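So the chains spell out like this:
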Amino acid sequence: MPTFRAPRGTRDLLPAERAGFRRLETIASDLARRYGYREIETPLFEQTAVFERGVGEVTDVVEKELFRIAPRTDDSESWALRPEPTAGIVRAYVQHGLQTLPQPVKLTLTGPMFRYDRPQAGRFRQFWQFDVEAIGDPGPAIDAEIIELGRRFYLDAGLDGVEIRLNSIGDPACRPAYVAALADHYRSSAALLPPLERDRLERNPLRLLDSKDPAMAALNATAPKMTDRLCDPCAEHFASVKDHLDALGIDFVEEPSLVRGLDYYTRTAFEFWPAGAEGQQSALGGGGRYDGLVALLGGKATPGIGFGLGLDRVILALEAKGAAVAPATPLAVVVGADPDATAERLRIATILRGQGLAVQAELGRRKLGRQLESAVKAGAQFAVIVGDELETGHVALRDLDAASQKPVALADLPALLRRKAGTAE
Ligand code: HAM
């Protein structure tokens with residue numbers, strides 16, 4: 001057993017897995033750019049109050065899963081690692097006066113999040129999200145645009161059949177009466193409630209609907225539905241989101257029990273689920289509208305909507321399909337007949353790298369045969385062999401797959417390798 005291990009619920013992304021993440025990050029940033037989102041970075045930790053107020057105090061994420069940073073002194077501010085990016089992005093929107101820019105302000109962030117969750121398959125204490133937020137547009141068209149963007153991410157990543165689940169959770173005009181009806185429903189069976197849920201019934205009954213406790217399944221199945229009790233503006237908004245999705249030809253399933261685990265949502269709420277995920281616990285991604293959040297964090301009332309897509313779960317789903325990504329390999333390795341001529345090999349590799357090529361140099365003092373074996377193992381296509389011909393400005397270029405080689409003038413080598421790499425203009 002090694003003396004030290006990565007903390008429970010976290011893992012090292014070794015090159016093979018990191019390559020898969022890099023691919024998803026590239027897809028995410030390319031899509032975000034095409035849809036008009038600009039990148040933002042916020043700190044990995046914030047004042048705890050940003051999450052308590054933003055995400056909500058009576059949520060799993062804040063009550064049970066927040067990674068609080070131990071205060072250094074008695075009068076230190078209270079900080080916590082970000083469990084999700086939306087609250088921090090909205091905090092930044094308010095702090096930097098982004099409401100003076102043309103609205104909506106479309107922002108994207110891809111990075112690690114932290115939740116002190118019970119580690120299990122697809123549930124980590126440090127995980128990665130691709131997040132987008134469109135702040136300053138009341139919808140409903142942008143709601144459909146964002147859902148379509150999420151769907152396209154999964155398609156581009158290579159996951160087919162991802163199911164879109166959709167709901168509306170109303171707004172401050174219609175939700176209170178619904179929440180009261182929901183509380184009555186649970187109160188009538190209070191004896192069946194697990195202790196945590198009984199406690200939450202008085203503080204935030206909506207949270208019972210998305211409880212992870214299996215004892216809640218039957219009670220939740222018979223609970224009243226928010227979509228039966230929407231006020232007219234919320235009902236119109238929901239109908240129009242669905243019309244826009246229909247116009248885009250996007251299939252979705254209405255899911256009345258979908259309330260999301262965070263308190264800031266209003267109206268549109270949606271999740272992405274793996275194909276055939278019946279009874280499964282883990283969504284691939286989720287999001288929704290948060291028309292009250294900017295004001296809650298001290299800005300002027302401004303609507304917003306966004307999503308967070310969990311990258312770890314996409315990687316797991318792709319691995320399960322056998323669609324892992326191979327890490328990048330060098331185009332060529334510079335090797336040589338004189339084991340001691342490391343400076344020469346390094347000099348030639350440096351020239352080629354300066355021309356934008358992915359080239360390694362053999363810097364050990366092994367025999368040429370060993371150097372070539374190691375170039376093959378590194379996955380290189382070519383070996384640049386430095387020998388006596390260097391005196392006339394030549395090297396040998398060996399095609400490692402075809403096991404053939406020919407002399408090449410050093411001056412012609414960069415252009416030739418660029419052509420071979422398929423990057424020639
Ligand atoms: P969320 O549903 O809490 O929403 O998280 C979004 C996604 O992050 C989940 O669907 C899941 O894929 C991934 N995720 C969450 N927790 C874990 C975990 N412990 N391990 C692995 N993956 C996890 C949000 O975070 C909102 N900020 C989304 C949003 C953005 N809403 C509006 N804008």
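The structure this text deals with has already been given above.
Residues numbered from 1 in each chain as written. Predicted model: local features only at pLDDT ≥ 70, side-chain atom pairs only at ≥ 80, totals over all residues. Heavy atoms only, no water.

Engineer: Sorry if this is basic, but what is going on with the nonpolar core here?
Structural biologist: Within soluble globular proteins, side chains that are nonpolar generally end up buried alongside one another. If you look at the biggest cluster of nonpolar residues, it comprises 90 residues, and the most contacted ones within it are Leu24, Phe130, Phe153, Tyr154 and Tyr186. If one sorts the elements of this core by residue count, helix 5 (residues 141-157) sits on top with 8 residues. Those residues in contact with Phe153 that sit more than four places away from it in its chain are Leu24, Ile27, Ala28, Leu31, Phe130, Leu309, Leu311 and Val314. (Core = buried A, V, L, I, M, F, W, Y, C linked by side-chain atoms within 4.5 Å. Buried < 20%, exposed > 50% of the residue type's maximum accessible area, 1.4 Å probe, protein only. Helix = DSSP H or I, 4+ residues; strand = E, 2+ residues; numbered from the N terminus. Contact = heavy atoms within 4.5 Å.)

Engineer: Whenever I open this one, the packing of helix 1 (residues 15-34) against helix 5 confuses me. Can you help?
Structural biologist: Pairs of packed helices are described in terms of their axes, by the angle between the two and the distance that separates them. Interhelical geometry of helix 1 versus helix 5 gives an angle of 140° and a closest axis separation of 10 Å. Read as a crossing pair, helix 1 and helix 5 show a hand that is right-handed. From helix 1, Arg23, Leu24, Ile27, Ala28, Leu31 and Arg34 reach across to helix 5, where they touch Leu149, Arg152, Phe153, Asp156 and Ala157. Taken together, the residues of the contact of helix 1 with helix 5 sort by class into 7 nonpolar, no polar and 4 charged. (Axes fitted to C-alpha atoms, helices over the stretch in contact; angles between N-to-C directions. Left-handed = near helix turned anticlockwise from the far one by under 90°. Nonpolar A, V, L, I, M, F, W, Y, C, P; charged D, E, K, R; others polar.)

Engineer: What is the right way to read the site of the ligand from this model?
Structural biologist: Taken together, 27 residues form the shell around the ligand, and within it Glu84, Thr86, Phe124, Tyr265 and Leu284 come nearest. Taking Arg260, its side chain carries an N or O atom lying 2.9 Å from an oxygen atom of the ligand. Residue Tyr265 places a side-chain N or O atom 2.6 Å away from a nitrogen atom belonging to the ligand. Those elements that provide at least two residues to the shell around the ligand are strand 6 (126-135), strand 10 (285-289) and strand 11 (304-310). Tallied by class, the residues present in the shell around the ligand amount to 9 nonpolar, 10 polar and 8 charged. (Near = heavy atom within 4 Å. Polar contact = N/O pair within 3.5 Å; in protein donor to acceptor, adjacent residues only side chain to side chain.)

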